[in-house]
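# Structural features, examined
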Amino acid sequence: MIPFNKPCVLGHEIEAIQQVLVENKLSGNGKYGDFCINWLEKNLPANKALLAPSCTAALEMSALLMNLTSKDEVIMPSYTFVSTANAYALRGAFIKFVDIDSKTMNINPEAIEKAITPKTKAIVVVHYAGVACEMDKIMAIAKKHKLWVVEDAAQALQSKYNGKSLGTIGHFGTFSFHETKNYTSGEGGALIINHLPSNDRAEIIQEKGTNRSQFFRGMVDKYTWQDLGSSYLLSEINAAYLSVQLDSADKIFDNRMETWNYYYNSLKPLMEKEILELPFIPTHIKHNAHMFYIKTKNAYIREQLTNYLKNNNIMAVSHYVPLHSSLAGKKLGVFVGEDRYTTTDSERLLRLPLYYDIKVEDVDYVINCIKAFFNA
Ligand SMILES: *Cc1c(COP(=O)(O)O)cnc(C)c1O
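Residues numbered from 1 in each chain as written. Predicted model: local features only at pLDDT ≥ 70, side-chain atom pairs only at ≥ 80, totals over all residues. Heavy atoms only, no water.

## A look at helix α3 (residues 55-65)
- With nine of its eleven residues buried, α3 lies for the most part within the structure.
- Along α3, the residues that are buried comprise C55, A57, A58, L59, M61, S62, A63, L64 and L65.
- Here the buried face of α3 lies against β1 (48-52), α4 (82-89), β5 (148-152), β8 (172-176), β9 (189-193) and α7 (199-206).
- For α3, the side-chain oxygen to backbone nitrogen distance between the N-cap and T56 is 3.4 Å, and the N-cap itself is S54. (Buried < 20%, exposed > 50% of the residue type's maximum accessible area, 1.4 Å probe, protein only. Helix = DSSP H or I, 4+ residues; strand = E, 2+ residues; numbered from the N terminus. Contact = heavy atoms within 4.5 Å. Polar contact = N/O pair within 3.5 Å; in protein donor to acceptor, adjacent residues only side chain to side chain.)

Laid out in structure tokens, this is it:
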């Protein structure tokens, strides 16, 4: 069976984890955590990065930093992971779901503008498949209406928009190091703070609402409860694993990109014959080979193809069920404007196996099975 995903294991992560045990510092913000934070701050580059237990947690931190309440509305695509919406619904905010652009599966800036009301406080964009949203347009809309912008860059570490790293353009950016992502720590995430006045409060929110971080730096002589907060730290054991992956980020990136390009070039003839659609990468965007998807003509063909691949021992998988159509989505939000692409495109999209060090023979086999399906 060719799985859809295999978590990235380089091999020497175990040495870093062993070192954590030797040094006897297991909780968050230790040596390995610092390595990861410095890596992010230097390589993105970013003003400030905090490690978190997950991207979900980092999104929740952003909701606290924006002081969202039940009087507020947040605009986001319906085509996203549940955490994007949960984080703000947890603060009581009402979710306004809008449509995507069919070409990139990313939020449509015109749909954002139409969904803005006097209650709107924030726009949350999702860089699907590590391909950037139209950030210039989105930031201009946000500026005009004085709104916050959060980039859910869970899939987008090492992707760029006009030369700028994703996650560093909005007021806040969030990354995921879940095992399904390019660089992993099993579970893990990061919050990037581009809104300088939020630097200190973010540390307080991360440390259960206390000024413990300032205490550790010797800035105060005891730490106390300052604000709302939670436990939003990443354990050193996870950070050690992550440090090895970030240290080899370019190697992982190149390996995935090679597979992505191979899929693209091999399946291009099917796109040219209009048998299926392939991902579209605008020229001002540099993606990170997070995902390779195809889009069939309709939901029926996707189902047939999925089953055909499964019968040939290949796991290809669909992705998000639009949030506005889900049980919770109907209670916690509403779709605004026309659903031109969200539902239909989500039913046509199929993700192919892509992971670090996938064998060329396996990729060839997947490609040949897809070609055989459409020839039959
Ligand atoms: C993976 C993902 C998340 C959740 O990440 P976790 O680290 O598992 O919390 C959130 N949003 C998007 C778009 C994702 O792809």
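## Here's the deal with the packing of aromatic side chains
- Taken as a whole and judged by the stated rule, the model has 13 aromatic pairs.
- Between Y128 and Y293 the ring centres are 6.0 Å apart and the planes differ by 45°, which places this aromatic pair in the tilted class. Highlighted residues: Y128 in the loop between β4 (120-126) and α6 (135-145) and Y293 in strand β11 (residues 293-295), separated in sequence by 165 residues.
- For Y128, a relative accessible area of 1% gives the class buried.
- Aromatic rings pair up to connect Y79, F81, Y128, Y293 and Y320 into one cluster. (Phe/Tyr/Trp six-rings, centres within 6.5 Å; stacked < 30°, edge-to-face > 60°.)

## Comments concerning the nonpolar core
- Membership of the largest hydrophobic core comes to 82 residues, with the highest contact counts inside it found for L51, I138, L157, L267, F292, I294 and I370.
- Excluding its chain neighbours within four sequence positions, the residues that come into contact with L267 are L276, L278, F292, I294, L352, I367 and I370.
- Formed by 33 residues, the second largest nonpolar core is a distinct cluster that contains A58, L64, A85 and W148. (Core = buried A, V, L, I, M, F, W, Y, C linked by side-chain atoms within 4.5 Å.)

## A short note on the site of the ligand
- Taken together, 14 residues form the shell around the ligand, and within it C55, T56, D152, S176 and K181 come nearest.
- Q155 is positioned such that a nitrogen or oxygen atom in its side chain is 2.8 Å from an oxygen atom of the ligand.
- Looking at side-chain class alone, the shell around the ligand contains five nonpolar, seven polar and two charged residues. (Near = heavy atom within 4 Å. Nonpolar A, V, L, I, M, F, W, Y, C, P; charged D, E, K, R; others polar.)

## Remarks on the sheet that holds strand β7 (residues 164-165)
- Strand order in the open sheet formed by three strands is β7-β6-β10, and the pairing between neighbours is antiparallel. What marks the edges here is a single partner per strand, and that holds for β7 and β10 (285-286).
- As paired strands, strand β6 (residues 160-161) and β7 are joined by two bridges and run antiparallel to one another. Among the inter-strand pairings, Y161 is bridged to a residue of β7, identified as K164. (Pairing = 2+ DSSP bridges.)

## Comments concerning unusual backbone geometry
- For the bond running from L44 to P45, omega is -15°, close enough to zero to count as cis.
- Position of P45 relative to the elements: it lies in the loop between α2 (31-43) and β1.
- The phi dihedral of N67 is positive, around 55°, even though this residue is not glycine.
- Mapped onto the elements of the fold, N67 is located in the loop between α3 and β2 (73-77).
- Judged by relative accessible area, which is 49%, N67 ranks as partly exposed.

## Considering the pattern of salt bridges
- Counting across every chain of the model gives twelve salt bridges.
- With a closest N to O distance of 3.0 Å, K144 and E113 form a salt bridge. Taken together, the residues K144 in helix α6 and E113 in helix α5 (residues 109-115) connect sequence positions 31 residues apart.
- Given the relative accessible area of 59%, K144 is considered exposed.
- Several salt bridges share partner residues, and in doing so they unite E277, K295, D345 and R348 into one network. (Salt bridge = Lys/Arg side-chain N within 4 Å of Asp/Glu carboxyl O.)

## Points about the pairing of β5
- The element β5 is extensively covered by neighbouring structure, given that five of its five residues are classed as buried.
- Residues W148, V150 and D152 of β5 are buried on one face, and the alternating residues V149 and E151, pointing to the opposite face, are buried as well.
- Bridging between β4 and β5 involves five bridges; their strand directions are parallel. For A122, the partnering residue across the bridge sits in β5 and is W148.
- As for the winding sense of the linkage, the β-α-β connection from β4 through α6 to β5 is right-handed. (Right-handed = clockwise from strand over helix to strand, strands pointing away.)

## A short note on the sheet that holds strand β12 (residues 333-335)
- Read from one edge of the open sheet, eight strands run β1-β9-β8-β5-β4-β2-β3-β12, paired in mixed fashion. Two strands close off the open sheet at either side, each with one partner strand: β1 and β12. Taking each pair of neighbouring strands and ignoring which way they run, the sheet shows an average axis angle of 20°. (Axes fitted to C-alpha atoms, helices over the stretch in contact; angles between N-to-C directions.)

## Thoughts on the state of the cysteines
- By the definition in use, this model includes zero disulfides.
- The thiol sulfur of C8 is not disulfide-bonded, and the nearest other cysteine sulfur, from C36, lies at 14 Å. (Disulfide = S-S within 2.5 Å.)

## Side note on α7
- With respect to burial, α7 is a largely interior element, seven of its eight residues being buried.
- Taken as a whole, α7 has its buried residues at N199, R201, A202, E203, I204, I205 and Q206.
- Buried residues belonging to α7 abut β1, α3, β9 and α8 (212-216).
- Directly beyond the C-terminal end of α7, a positive phi value near 60° is found at K208.

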